[in-house]
Every structure is written in C-alpha cells, then in structure tokens.
Amino acid sequence: MEPAWRQQGRGRGRGGQEGQGERSRPQQKEKEKPGGAAAGVWGAGRGGRTVKTAPEPLRAVSVQSKFEEIRKSNQAAAQRLAESRVSSSSSDDDDDEVEGDVDRKDGKRGKILASTFTTYTDQTGGDDSGLLRTGQYVSDLFQSGALTCLICIASVKRTQAVWSCSSCFSLFHLPCIQKWARDSAFLVSSVTDDDFGQKQHPWPCPKCRAEYPPSATPNRYTCYCGKLQDPPADPWLVPHSCGSICQKELKPSCGHTCLLLCHPGPCPPCPKMVAVSCMCHKAKPLPRRCSNKAWSCQQQCNKLLPCKQHTCSQTCHTECSPCPRVSVQSCVCSREKTERPCASPQWNCQQVCGSVLSCGNHTCEVVCHKGVCPPCPRSVGRSCPCGKTKSSLPCTEEVSLCGDTCDRRLSCGKHTCSMRCHRGSCETCRQEVEKECRCGKYRRLMPCHKEYLCDSKCPKTRSCQRHQCRRKCCPGNCPACDQSCGRTLGCRNHKCPSVCHQGSCYPCPETVDITCTCASTVLVVPCGRERSTKPPRCKEPCRCPSSCHHLTREGHRCHPGPCPPCRQPCLLPLPRCRHTCPLPCHDLVLVKSQQVQLAGPWEQPTEPAFVKKALPCAPCQVPIPTACFGEHEVSPVPCHRRGPFSCKRPCGRPLSCGNHDCSRECHVVTGGNKCEVCEEVCAKPRPPGCPHPCSLPCHPGDCPTCRQMIRQRCHCKISLLYVECTKLTLADKQTKVELGSCNNQCPKELNCGHRCKQVCHPGVCEEKCQQKVKLRCPCKRIKKEFPCSLSTQSDVQCDAACRDQQKKVSQLKEAEQRAAEEEEQKKLQEELEAFEKRQQRGGGRRSKKRGRREEVEDERGRARRWWRRCSALVLVPLGGALLSAAYYYLMTTT
C-alpha cells in the first residue's frame, strides 16, 4: 500500500514507472507500424533531412531498431541525471545558501517527514509525542554530517547500499559491515578454535556489540522494513526507504504492527485504541492507547501482603510492593526477638544451637537453625587416619592409630606417604626425581614437590600478532596479550583502550557534540567526524555582538563563521559638515593587502591576500545650491566641495577697452586676480575706403587719423604713386582722379595706331586723333596730309600722270617675266643637251674626276633648293610669330 500523496501524482519513484509504461505504449504501437510515425521521426532528424522509408521489411526493422536504441540511451541518461541529483552527503551541501534556499529545503524536508508520519498521526489525532525518537533518526538523515558509517568514518550517501543494526539502528555501508563480519569471525576462530575455521562464531555490531549469527551476515541491500531489495533513490522519500508501510511487529509485543512508512530507527509506540481494565481489575474496561493501556482507577488496593498481617494501602497498581511496616519478630531458633520489617520475617540470631544431641554426650554446633538438630557425627562408622582399619566405637572414644604405613597419595599425585598412620595432613613429597621443564627443553633432578622452570623465554608471538610471549619456560599455550592495544582509533583523537588484539580496533565509542555558534542547536556525531561535519543549522537569531560602531546587528539566523558584513547605513557624522554618512557600514571591509614581491614560487606569502580594514567615510555628497564665481548659474555642489566654483563658462565681464568681454574661464575677481587685459587689435569699423587697420590696440573712443601711404598705380598703369590714406579717403571724385594721375602723356594707342596725346587719365582714350597722316593715291605717287580722325573720310585719287606711270610699270613687269621664262627654257635646253651627250658617250669610259664633279654639283644644287624651300616654309612663319609676341609684350606692359 502506498500513501495517498504517492497514488495521486504517480510522478516520482515507483509511481513514475507506471507512467513511464503508459508513455511507452504509443511507442509500442509505432513498432507495429514500421513505416509509420517511428520511421518518420527517425527520418526527420539529422539536421532536417528527409529520408524516404523503404517498403521492404528489412529496411523498416533497421529503422525501428535504431529508434529503440536511441530511446533507451536517452532514458539511461535521464536516469543517471536523476541519480546524480538526488545523491546527498555532508560534502554536497552548499555553505553559501541564502536564507530563502534554506527555508525552501526545510519546507521540503517537512513535507517528507509529514508524509512519513501521516498514518501514525491519523491514529493519534495529531499527537506526535511518541515520534520524538523515531523523528530524530529520520531528521538525522537530512542533517549534514549526522549520518556516518562508524567503520570507515565516512558519510553515508543517499544512493549507497547500507545495512541497519536492529538493536542500535546505526547505519553502515553494506561493504563495510560485510568485511567487519568476516574479520570478526576470523579473529575469534583463529584464537579459540583448535581446528581453525570449523566452528561458526557470531559477529558483533560495531557500535552496540549486539551479536549476530553468521547466517545474519547481510548480503543484500534492502530497505528498512526489509520488503524491497535495492530500493531506488527517490527525492520525495526518506533515503533508503521503499515508501510503503513498515508493518514490523511492535515491541513490547502487543499483536499490532508499525503504521509508519518505511523508516530508520525504532518503531514508535503502538497508537491503536484497545478496551482494558485498570491494573487492579476492579473498574470497568475503558478505551486506551495500546502503548499506554495500563491505567489506575485511583482506588485502594487492599490486597493481603505476603506478611499475612497487613493489607496493601496503595492506589490501584499492578504488583504490590513488600510490606513497609515494622513488627517484633523472633529469630529462627526463637531465642531472640527484635523489630524488623514485615517484608523479611525470617532471620538468624548468629548463636550456636548448643542443644544436646541424641547421643547425650555432645551438643549441636550448628548456628541458629530451625527444626531438629542433626545426629552426632561421631556415632557413625569410623576408621583410622590412613583408612586401612575400620572400627565401631562409642562417640566418646577416639579411634586408635593402626601402626601401618600411611600410603596416602601426596600432593604430587605420584608418590605415597611413607610415614606410619598419623593424624593430620601428610608432609610434602621430598623424593628426588628427574623432572622436565614446562617447555620441554631441559631435564633435571630435583624434589618432587617443586616445579622445574627453566630460564628460556618463549619467542612465539601472542594472539595479538604484535608482541612476543617472553614468558619463562612457556609450554606453548601462550596466554593472551595483557598489554594495552594503544593504537590510534579511526577518529584520530583516542587510542584503543582494549587489551592488545589482532585485527582492526572497534570504532571509537565516544561521541562529539557539535553545536551551532549560539549553542542552541546540538548535533551528536561519532568521534572523528567533528572536523569534517558542518555545524548544524540553527533557526535562532544570531547572538554575536556587533563588530562595528552600530549597537545591534541586522537580524539574521545563527550561522557558522564570521557574520556577514553590516549593511546598515553608517550614519556617522561627517567632518566639516552637519550631515551623516549614508553609505553602508564600512568598519570592516575586505581590502586586498599590499604583499611584498616574492623572490620565486618557493616562497610563501606571509600575509593573507585580503585583510579587513576600516575605511574612512566617503566625502559628503549632499548637493548644496551654490552660485559660481561669475554668478552665471546656481548649481548643486557636493557638500565636501561647497563654496563658489567655476562653471567653466567664459567670464563675460566687460574689459577696460569697453569693446570686449573677459574670455577667461569663470573666475573670482579679487585685488590680485583681475580680468585679463584686452590684447585684441582694434576692431572698430574704418572710414570708407581705408584698407588699413587701426595702429593702436583695442581702445575706447574713435580711432586716430590714418597716416599710412597707399601705393597704387596711375591710370595708365605705368608709374607707382604714393598717396596719404586720409587724403585719398576724404577726397571727392575729381580730386581722386587728380591724385591717381602721374601727369605724363598717356601711353595708350588709339584705334588708329597713334599714341593718346592726353595727360594720364582714367577710362578709355578719346578717338579724336589730331596726328597728321599722309594719304597717297593708289599708285603711291601723289601724297597729302590730313588729321588722323579725318583720314578715314578723305580720299586721294590718281591723276593722268599716275595712270601713265602704272602702264609703264606693267609693261616692264611683263618684259621681265618673258626674260625669265626664256632663261628657264635655255637652262632646260642645256640640260637636255648634256643628257643626250652623256647618252651618246655611254659606251666609253669617262674620267672618274669628271663624274664625281658632276655628282657633287648636282648634290649642291639639290641642297640649295632644299634650303630655299625650308626657309620659305619655316623661317617666315617663325619670324611672324616672334614679331607678334614682341608686340603683345609691349602692349601688356604699357
């Protein structure tokens, strides 16, 4: 049967297995359809590639097998992840858990404890007073360091196989307890068995020494109730529990079983309700808790006590106590009487009886007794001291000695007494015999009553296998080692107090109380675990005094180690102001220490990397409205820098020049710290036409008259004139024309080609040229003078003489042309004749000198003709270009 909270969710533990089976059903359906969804899923993987499933059965089976293989590997990985997450030990807990995480873990543990005890508290109506001891065992499973294997002194994790002692309920690792049982049986057998290993010896629990038979040696990992083998680790169950109801028989046996879920530790008292009568069985039965069914009806018992005189006066109870009253009682022999408790009526007076025996001669020597005295011991048959002669004599007569040899066995057990029959004990045997020493190494003659012990010491090792026997004349059965073991136990704190023994020592029986800082919470751990066990979590508030200037710390839980840094505001008064420090408390702040440079890796730093220091309060940052030096603005300034400040703007105060403002950064104006002196040039507007700046630096008032000379060219652009700037700027238009003239003749040429006759003037020259020019008739014979301006309007015509002269000239030219043509024809005729002569003399030899001379003349003629052509084609254009350039240069310069 599982608890209700497990049956609803089915999300964890064994319930999750059923859900897992349900989830696997669609996958089984996919197996029935090899070409269905399973193959489609496999085909849709691998980076989005689509694989067409083959219709053949072999292809479908291979795809399905791959799918199942991947599914199983994913389930195995998820299972490993779950096991790694639920694994717990004292070393797995995080020391730096915040308070919220601790509360969340406590809430989870509370739910687990509540689910474990639900079936019990339902029976008791919510009363959990009987669960204190069991609850402590369950809580220790969740407490850091509380669950420790006493054999290996290591933490017991949630996923490790364990074994629980049924007497002290301590948990041990399963391999550790198995080895312990084997070693214990081996040691006992090696010491006590003559035939080693033939007998079955019990083995003890390492803690409570409860003995278990060899058949009880654990060989399986089971839950606490023993129903489930290898219980799975479930984070919502008690570690190593199966989660089902315990159902162990309760002790003391009442016929009922345990109602808790599978749990460590002892089962709680029986919570069942039964109808029982009171202890004296006088009242009617009432419903009572089975574990507390004994009840009293508060009536007087009135049972007759064993003294047979009084009745029990106590209220209802189980068994009556002895009678507490006192009465006068006689001893056994009734000689004395005294007051004694009624609970012990028989007592002896310690007097010898002294009554006459039946023989009438002797008295009874027995101390105070009851009944008839025994018969006289001398009235029975007697013999002589050696026992050889027997006689029957009255009790008043002594038996005489027989006179024969005594022959009684002496104390040595080998020889007899050689004296005559005598009374009393025989003397010691004094015969000389050869005796062998106890160890069997030596033999010697000596009195029989003496034991022969040689001086040789036994070299054998005792049962502890550590010390030699060293007993003189040891027969071989060396006694157990009587020295103290003294070996350091696994706790490393104590030594073994037992007698020296073989094998491993028992675990240290001591326990150590580990307390929290305030000592309110105590955790009991085995000795040796105090160094690796973390202090228990305490829910009490921390009581450590404040380490800073604050009177109290911030409220937080009790914790190990130093308290966290104080986060309260400092609130100390700051120097040189009335404000307080608003920063978090900085009395103890971790600061990196300035370590000395180490010479090499073999040196170790002598100081810690971080040290706690008290840092001074930061400068006051409260904003104070403050005006700048130049009162340009009012800005909030930190209190520690309060006072006039520079706003970084230009000063802006007017300078002494009255034209500019101070360009310095905002500053205070005192006797020695004045605004800057204006070093700018005068920027006032100049009179119209004055191109010169003011010669003075920036100044108030009007600028002085400009006395500089202006250099400028005259109107004709030939001469340089120097004119005073003031005269030029203040002159009118006509005066400016006069000042700009060099008073020389204008060098410009008119359109007619003559030079301007005016004095240097601006603008374009007038075209009324009065230069006298000569005009000729077309034949150049008649010439007349006219003004240049009228030359274009006048014309000179040829007369009759001019025409006659032109006719003669034309005839002369025609005659010259005819003469030239004739000369040319003559040259051609000569050349033709010369050529014909050469052709006629072509068969004979001509002189070399003549031939060469003719060739040279021909070449010279050709060269002269070529030079004439070149001069006509090159020199004439080049000369024209040079003349044009010279004329252009002259015009530009004038």
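Rules used in this analysis
Residues numbered from 1 in each chain as written. Predicted model: local features only at pLDDT ≥ 70, side-chain atom pairs only at ≥ 80, totals over all residues. Heavy atoms only, no water. Helix = DSSP H or I, 4+ residues; strand = E, 2+ residues; numbered from the N terminus. Contact = heavy atoms within 4.5 Å. Areas by Shrake-Rupley, 256 points an atom, 1.4 Å probe, with all protein chains shown as cover. Patch = residues over 30% accessible without salt bridge, like charges linked within 9 Å, V, L, I, M, F, W, Y side chains within 5 Å. Salt bridge = Lys/Arg side-chain N within 4 Å of Asp/Glu carboxyl O. Lys, Arg positive; Asp, Glu negative; His and termini not counted. Charge placed at Lys NZ, Arg CZ, Asp CG, Glu CD. Buried < 20%, exposed > 50% of the residue type's maximum accessible area, 1.4 Å probe, protein only. Pairing = 2+ DSSP bridges. Core = buried A, V, L, I, M, F, W, Y, C linked by side-chain atoms within 4.5 Å. Phe/Tyr/Trp six-rings, centres within 6.5 Å; stacked < 30°, edge-to-face > 60°. Polar contact = N/O pair within 3.5 Å; in protein donor to acceptor, adjacent residues only side chain to side chain. Disulfide = S-S within 2.5 Å. pLDDT = per-residue confidence, 0-100.

### Let's talk about the overall build of the protein
Item 1. Per the secondary structure count, the protein includes 11 helices and 24 strands.
Item 2. Restricting to contacts in the protein with at least 6 residues of sequence separation, those with at least 24 account for 28%.
Item 3. When the accessible surface of the protein is totalled, it reaches about 60,500 Å², and 52% of it is carbon and sulfur.

### A few points about a negative patch on the surface
Item 1. Where like charges cluster on the molecular surface, the negative patch consists of E823, E824, E830, E831, E833, E836, E855, E857, D858 and E859.
Item 2. For the negative patch, the element with the most residues is helix α10 (residues 800-840), which contributes six residues.
Item 3. Mapped onto the elements, E824 comes out in helix α10.

### Here's the deal with the pattern of salt bridges
Item 1. Scanning the entire structure with this criterion turns up 12 salt bridges.
Item 2. With a shortest N-O distance of 4.0 Å, R438 and E451 are connected by a salt bridge. Linking R438 in the loop between β13 (432-436) and β14 (443-447) with E451 in the loop between β14 and β15 (511-515), this pair joins segments that are 13 residues apart in sequence.
Item 3. Residue classification places R438 among the partly exposed positions, given a relative accessible area of 34%.
Item 4. With relative accessibility at 55%, the residue E451 sits in the exposed group.
Item 5. Shared partners join several salt bridges into a network, and the residues in it are K388, D404 and D407.

### Regarding the pairing of strand β19 (residues 623-627)
Item 1. Pairing of β19 with strand β20 (residues 634-638), which is carried by five bridges, proceeds in the antiparallel orientation. Bridging across to β20, P623 finds its partner in P638.
Item 2. Here β19 hands over to β20 after six residues, with E631 in that stretch at a positive phi of 55°.

### Describing the nonpolar core
Item 1. The biggest cluster of nonpolar side chains holds 34 residues, and the ones touching the most others in it are W163, F172, I177, W203 and Y212.
Item 2. Among the elements of the structure, β3 (162-164), β4 (171-173) and α7 (174-192) are those that each provide at least two residues to this core.
Item 3. The element that contributes the greatest number of residues to this core is α7, accounting for five residues.
Item 4. Counting residues in hydrophobic clusters, the runner-up holds 10 residues, among them V399, C406, L410 and C429.

### Quick word on a positive patch on the surface
Item 1. Together, K827, R860, R862, R864, R865, R868 and R869 make up a positively charged patch on the protein surface.
Item 2. Per-element accounting of the positive patch gives the leading share, six residues, to helix α11 (residues 848-893).
Item 3. In this structure, K827 sits in helix α10.
Item 4. Judged by relative accessible area, which is 44%, K827 ranks as partly exposed.

### Let's talk about unusual backbone geometry
Item 1. Here the amide bond leading from K251 into P252 is cis, since omega sits at -5°, within 30 degrees of zero.
Item 2. Phi is positive for R492, close to 65°, though the residue is something other than glycine.
Item 3. With respect to the helices and strands, R492 occurs in the loop between β14 and β15.
Item 4. Exposure remark for R492: the relative accessible area of 63% places this residue in the exposed category.
Item 5. At A519, a position not held by glycine, the phi torsion is positive, near 65°.
Item 6. Take A519: it is sitting in the loop between β15 and β16 (522-526).

### Some words on the packing of aromatic side chains
Item 1. Counted by the stated rule, this structure contains five aromatic pairs.
Item 2. Ring geometry for W203 against Y212: centres 4.9 Å apart, planes inclined by 20°, an arrangement best described as stacked.
Item 3. Chaining the aromatic ring pairs together yields one cluster made of W163, F172, W203 and Y212.

### Some words on the environment of L453
Item 1. Mapping L453 onto the fold places it in the loop between β14 and β15.
Item 2. Take L453: its relative accessible area is 39%, and that puts it in the partly exposed class.
Item 3. For the pair L453 and R443, spaced 10 residues apart in the sequence, the C-alpha separation amounts to 9.9 Å.

### Quick word on the environment of R335
Item 1. Relative to the helices and strands, R335 is located in the loop between β9 (326-330) and β10 (337-341).
Item 2. Classification of R335 as partly exposed rests on a relative accessible area of 41%.
Item 3. Counting along the chain gives 13 residues from R335 to N348, while the straight-line C-alpha distance between them is 9.7 Å.
Item 4. Discounting chain neighbours no more than four positions away, the residues touching R335 are Q351, V352, C353, G354 and S355.
Item 5. There is a polar contact of 3.0 Å between the side chain of R335 and the backbone oxygen of V352.

### Regarding the environment of C258
Item 1. Examined against the element boundaries, C258 turns out to sit in the loop between β6 (211-212) and β7 (273-276).
Item 2. Considering only alpha carbons, one finds C258 and P268, 10 residues apart in sequence, at a separation of 7.4 Å.

### Examining the state of the cysteines
Item 1. In the structure shown here, the tally under the stated rule is zero disulfides.
Item 2. With no disulfide partner, C242 has as its closest neighbouring cysteine sulfur the one in C223, 3.6 Å distant.
Item 3. Residue C242 is classed as buried on the basis of its relative accessible area, which comes to 4%.
Item 4. In this model C678 remains outside any disulfide bridge; the closest cysteine sulfur is found in C657, 3.8 Å from its own.
Item 5. For C678, a relative accessible area of 13% corresponds to the buried category.

### Observations regarding the confidence of the model for the protein
Item 1. Overall, the prediction assigns the protein a mean pLDDT of 77, with 82% of residues at 70 or greater.
Item 2. Taken element by element, the protein is modelled with least confidence in helix α3 (residues 37-44), mean pLDDT 32, and with most confidence in β3, mean pLDDT 91.
Item 3. Note that pLDDT drops below 50 for residues 1-59; the model gives that stretch 53 contacts with residues more than four away or on any other chain.

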